[in-house]
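Working through the structure, step by step
What follows is the residue order along each chain.
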Amino acid sequence: MGVGLEVLEKDVVLGDPWEGVDAAGLARAVREQSERPVPGVDDMASYLAAQVSDASHREVVGPLLNGRGASGVVVRRGTVIAAWGDPTREEMAYSATKSVLSLVAGIAYDDGLLRLDEPVSASLDLPQFADAHGRAITWRHLLEQTSQWEGKLWGKPTSVDAQSTREGTESAGGPPGEGWAYNDVRVNLTALALTVLLRRSLPDVLRERIMTAIGASPSWSWHGYTDSFVDLGGTLVPVVSGGAHWGGGLWISALDLARIGHLCLRGGTWGDRQVVSRRWIEQMWTPCRIKPNYGLSWWLNDDRTVWPAAPSTGRCARGNGGGHLLWVDSARDLVVSSRWGAEVETLLAEVSQTVQPNVLPVTM
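Now for a quick tour of the structure.

Cut-offs applied
Every chain is numbered on its own, with residues counted from 1 as its sequence reads. Where local features are concerned, this predicted model is filtered to residues with pLDDT of at least 70; where side-chain atom pairs are given and counted, the filter is 80 or more; whole-chain, interface and lining totals use all residues. The basis for every side-chain value is the complete set of non-hydrogen atoms in the structure, without hydrogens or water. Only DSSP runs of H or I covering at least 4 residues are called helices, and only runs of E covering at least 2 are called strands; the numbering of each starts at the N terminus. The globule rule is 2.2 Å times the number of residues to the power 0.38, and the radius of gyration it is compared with is taken over C-alpha atoms. Two residues form a contact once any of their heavy atoms are found within 4.5 Å. In these tables, accessible area is a Shrake-Rupley quantity obtained with a 1.4 Å probe, and a residue counts as shielded only by the protein chains included in the view. Side-chain rings of Phe, Tyr and Trp, where Trp is taken by its six-membered ring, are said to pair if the distance between their centres is within 6.5 Å; with planes under 30 degrees apart they count as stacked, over 60 as edge-to-face, and otherwise as tilted. Exposure categories follow from relative accessible area, calculated using a 1.4 Å probe and restricted to protein chains: below 20% of the type maximum is buried, above 50% is exposed, and the middle band is partly exposed. Interaxial angle, 0 to 180 degrees, is taken between N-to-C directions of lines fitted to C-alpha atoms, where a helix line uses only the stretch in contact. Oblique is the label for any angle not under 35 degrees, not over 145, and not in the 65 to 115 range, which are roughly parallel, roughly antiparallel and roughly perpendicular in turn. Criterion used throughout: strands pair if DSSP finds at least two bridges between them. Salt bridge criterion: a side-chain nitrogen from Lys or Arg within 4 Å of a carboxyl oxygen from Asp or Glu. Here the expected length of a helix is defined as 1.5 Å per residue gap, with one fewer gap than residues. The directions considered for the arc are those from the helix axis to the C-beta atoms.

Points about the overall build of the protein
Within the protein one finds 10 helices and 15 strands. Expected size for 364 residues packed as a compact globule is a radius of gyration near 21 Å; at 19 Å, the protein falls within 12% of this value. Expressed as lengths along the three principal axes of its C-alpha atoms, the size of the protein is roughly 60 × 45 × 40 Å. Counting contacts in the protein only where the partners sit at least 6 residues apart, residues at least 24 apart contribute 67% of the total. Taken as a whole, the protein presents about 13400 Å² of accessible surface, with 51% of it coming from carbon and sulfur.

Concerning the packing of aromatic side chains
Evaluation of the coordinates by the stated rule reveals 10 aromatic pairs. Look at tryptophan 180 and tyrosine 294: their rings are 5.2 Å apart centre to centre, the planes differ by 70°, and that puts the pair in the edge-to-face class. Separated by 114 residues along the polypeptide, tryptophan 180 in the loop between β6 (156–157) and α6 (184–198) and tyrosine 294 in the loop between α9 (278–284) and β12 (299–300) bring together distant segments of the chain. An identical accessibility class is assigned to tryptophan 180 and tyrosine 294; each is buried.

What about the packing of helix α3 (residues 96–110) against helix α7 (residues 202–211)?
At a closest axis distance of 10 Å, the pairing of α3 and α7 adopts a crossing angle of 70°. By the angle between their directions, the pair α3 and α7 is classed as roughly perpendicular. Here Val100, Leu101, Leu103, Val104 and Ile107 of α3 lie close against α7, whose contacting residues are Leu202, Val205, Leu206, Arg209 and Ile210.

Describing the sheet that holds strand β15 (residues 334–339)
With antiparallel pairing, the seven strands of this open sheet are ordered in space as β1-β3-β2-β15-β14-β13-β12. Each having just a single partner strand, β1 (6–7) and β12 make up the two edges of the open sheet. Note: strand β2 (residues 71–76) against strand β3 (residues 79–84), five bridges, orientation antiparallel. Following the sheet pairing, valine 74 is matched in β3 by alanine 82. The strands touched by helix α1 (residues 23–34) are β2, β3 and β15; relative to β3, the strand with the most contacts, the crossing angle is about 40°.

Here we look at the pattern of salt bridges
Across all of its chains, the model carries 16 salt bridges by this definition. Across the pair arginine 209 and aspartate 111 runs a salt bridge, and its minimum N-O distance is 2.9 Å. Taken together, the residues span a long stretch of sequence, with arginine 209 in helix α7 and aspartate 111 in the loop between α3 and α4 (132–135) at a distance of 98 residues. Exposure remark for arginine 209: the relative accessible area of 29% places this residue in the partly exposed category. When its relative accessible area of 39% is taken as the criterion, aspartate 111 is described as partly exposed. Where arginine 259 meets aspartate 256, a salt bridge forms, and the shortest distance between an N and an O atom there is 4.0 Å. Taken together, the positions of arginine 259 and aspartate 256, both in helix α8 (residues 254–265) and three residues apart, correspond to about one turn of that helix. In terms of burial, arginine 259 and aspartate 256 fall into one category: buried. A single network of salt bridges, built from pairs that share partners, joins Glu6, Asp256 and Arg259.

Considerations on the sheet that holds strand β4 (residues 90–92)
Here four strands make up an open sheet; going across it, the order is β4-β9-β7-β8 and the pairing antiparallel. Where the open sheet ends on each side, the last strands, each with one partner, are β4 and β8 (235–240). Ignoring which end each strand starts from, the neighbouring axes of this sheet average 35° apart. In this structure, strand β7 (residues 221–232) lies alongside strand β9 (residues 249–253), joined through three bridges in antiparallel fashion. Each bridged residue has a counterpart across the sheet, and for tryptophan 222 the counterpart in β9 is leucine 250.

Considering the pairing of β8
With five bridges joining them, β7 and β8 adopt antiparallel strand pairing. If you follow leucine 232 over to β8, its bridge partner there is threonine 235. Counted along the chain from β7 to the antiparallel partner β8, the turn is two residues long, and its residue glycine 233 has a positive phi close to 60°.

A short note on α6
The terminal C-alpha atoms of α6, which comprises 15 residues, lie 21 Å apart, in line with the 21 Å expected from a rise of 1.5 Å per residue. Of all 15 residues in α6, 15 are buried; the element is thus mostly enclosed. Taken from the residues just after α6, arginine 199 is the one with a positive phi, measuring 60°.

Here we look at helix α2 (residues 44–51)
Met44, Tyr47 and Leu48 are the residues of α2 that are buried. Buried residues in α2, looked at end-on, bunch into an arc of 95°, giving them a common side. In the core, the buried residues of α2 are packed alongside β4.

Let's talk about unusual backbone geometry
Although it is not a glycine, tyrosine 94 sits at a positive phi angle of roughly 50°. Within the secondary structure layout, tyrosine 94 lies in the loop between β4 and α3. On the basis of relative accessibility, which here comes to 6%, the residue tyrosine 94 falls in the buried class. Residues other than glycine seldom take positive phi values, yet arginine 304 does so here, at roughly 60°.

Below is the structure:
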């Protein structure tokens with residue numbers, strides 16, 4: 001199904017991709033996934049309206065892309081060994097965008113512009129970080145979703161995001177670092193802060209520093225809202241969104257998303273180049289103190305609370321309840337990228353069962 005065998009890193013030998021793989025079981029797992037598309041995504045406006053449970057401010061303010069069915073790839077040791085649907089077709093990534101935003105933060109970290117435990121206000125002059133609460137917010141707080149910032153950005157108040165209360169881990173009115181909430185307004189604040197810090201649009205940084213280096217296609221794009229711009233030295237620069245809660249976000253194919261996963265699996269290296277530092281990948285996958293199954297905008301399955309049926313060695317970017325998934329498992333040298341497929345936990349469990357773990361863990 002889909003693309004044939006493709007080696008992601010040209011001229012790099014990472015071992016036999018089929019060693020320890022039950023090929024028939026894998027083929028069956030991806031065939032079944034291709035038959036489990038998420039319904040209704042061909043009309044994204046109606047689909048999004050039904051998904052968002054906010055009581056107010058429900059209006060979409062960013063662009064939408066209609067979905068076109070289930071697609072995905074399985075990558076083992078850097079080689080695509082299974083595919084379904086059209087894995088070269090871009091789709092909205094929903095909240096999987098947050099994990100890519102964290103990867104872009106790694107560029108600022110590697111360039112010495114971002115120190116995780118330093119207050120954002122130490123390097124930026126933004127009104128959102130000007131009061132006592134704002135001055136205490138660090139970059140780690142933003143990326144872990146523990147900032148507990150309250151306010152309005154691009155016309156959307158933090159208080160209307162119904163996702164914030166679903167986990168019951170927010171400390172309402174509490175200090176940064178003492179409560180966790182999945183809040184798209186706060187993620188958009190992270191995108192704004194990174195844009196000002198890097199003095200460039202984040203899609204430009206992602207393209208030049210990461211996507212070109214890993215051989216991604218030119219089809220991906222990253223969108224904000226109709227009014228999400230910041231003035232940088234007299235030039236209005238677009239600010240992207242960290243999800244698709246109100247539209248926008250990253251639009252990317254399953255294959256290009258898998259390339260990002262493979263980069264992370266390899267500790268930020270691609271070929272003979274260190275694209276993102278190994279240290280940053282380790283930081284992204286370090287558990288948050290008050291939300292141990294979450295890192296720097298990545299989900300961690302260490303205690304098997306994210307996907308109980310999947311291996312504890314997996315980390316993932318996910319959006320829309322898993323309808324968009326990037327799964328990285330270093331114990332199996334495995335990457336799974338799934339778009340608009342339902343029951344992804346079943347997919348992860350079945351694919352993982354077909355791939356024997358490495359005798360020794362992959363060294364990042």
